[in-house]
Amino acid sequence: MAGVKICKLNKIYPNGFHAVKDVNLDIANKEFMILVGPSGCGKTTTLRMIAGLEDITTGEMYIGDELVNEVSPKDRNIAMVFQNYALYPHMSVYDNMAFGLKLKKTPKDEIDERIKKAAKILDIEALLKRKPKQLSGGQRQRVALGRAIVRKPEVFLMDEPLSNLDAKLRVQMRAELIKLHNELQTTFIYVTHDQTEAMTMGTRICVMNDGVVQQVADPRTIYNAPANVFVASFIGAPQMNFFKGKIADTPVVEVASHVFKLSDHMAEVVKNKGKFNAEVIVGIRPEDIKLGNSSEGLPAKVEVTELLGSDLNVYFKIGEKSYIMKTESSSDVKIGDTIYPVFDMNKLHLFDSETEKSLLY
């Protein structure tokens, strides 16, 4: 078992594209670390450098206490699970799982024992004689996981392994992967662009954008205390609303000619940072907006409503900009209604208008 330490990691391709920029990341032994971000943010490139499938331009990579910059992939004692499963179509499930062990000349009895144990964990014992073409997508993914498990790696690397599955199966497999991590007690590093996967599976999340680490923290901190506008907008569904605002020289924030009183804590933080009479970006999550009356909130026009079982998403317009709130499904709000959204001032987020960094955390 081993952790992974990344120090000032950079990847620059021959054409000059700087894909990963000064990434520092300390992944503890047995941790379930999620690398999340939009397409092209550098998360898969970082994972491939951990695996040894991409050369490191500058920086250092440690697996356990060993510097592995020049260590070949086969000698890193890692196992990688790919998006497309990468199974051998002409081999049975058993032989797919055994292939890597046979190359290492592992004794037959040990191979058999490892495969049967992994198959039991993944509930694929009845599939061992089948070929990949006879399996569903979820079954193929379990086989790919089994092939990784039998190698007993120090670190599991997973590159969007659930993205080819349908929505229902993805939910099921998320739970299975969490149980698998708890059972194996091994370091997992998992790449996804799906923030729901990140929030539900990871012990910690590393949010990346444009090759740069934006924030590393546990899911609750990432959600409740985002470090900047990007993290705040990327994590959360529906995403956070943003308004242009101004902090007055009294503890209030002005948004669209409406004045909201800051909480005592926020007022103190803003004062200490010298941000009175300053332009700010005000953020509020959809679930932290409630329906009020004309004396409480901003007048807004309802554009769209989405019924999602227990919740109702209400898209509304203030001036020329559209926003969203989440309310109870029993609400009778309809398209065309005028509503008066009210912010929960204890859940407000304030960001510097220039740096886009949080003023509160």
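Residues numbered from 1 in each chain as written. Predicted model: local features only at pLDDT ≥ 70, side-chain atom pairs only at ≥ 80, totals over all residues. Heavy atoms only, no water.

**Quick look at the packing of aromatic side chains**
All told, the structure shown has 10 aromatic pairs when counted by the stated rule. Taken together, F32, F156, F188 and Y190 form an aromatic cluster joined through their ring pairs. The ring of Y13 carries the charged tip of K11 above its face, separated from the ring centre by 5.0 Å. Here R285 stacks its cationic end above the ring of Y223, 4.0 Å away from the centre of that ring. (Phe/Tyr/Trp six-rings, centres within 6.5 Å; stacked < 30°, edge-to-face > 60°. Lys NZ or Arg CZ within 6 Å of the ring centre and 35° of its normal.)

**Notes on helix α9 (residues 264-272)**
Considered for burial, the residues of α9 that qualify are M266, A267, V269 and V270. For α9, the angular spread of the buried residues around the axis is 165°, confining them to a single face. Residues of α9 that are exposed and point over 90 degrees away from its buried face: D264, H265, K271 and N272. Buried residues along α9 sit against β11 (241-247) and β21 (349-352). Of the residues one or two after α9, G274 is the one with positive phi, at around 65°. (Buried < 20%, exposed > 50% of the residue type's maximum accessible area, 1.4 Å probe, protein only. Helix = DSSP H or I, 4+ residues; strand = E, 2+ residues; numbered from the N terminus. Arc of directions from axis to C-beta. Contact = heavy atoms within 4.5 Å.)

**Brief notes about helix α2 (residues 93-103)**
All buried positions along α2 are accounted for by V93, N96, M97, A98 and L101. In this fold, the buried residues of α2 make contact with α3 (108-122) and α4 (137-149).

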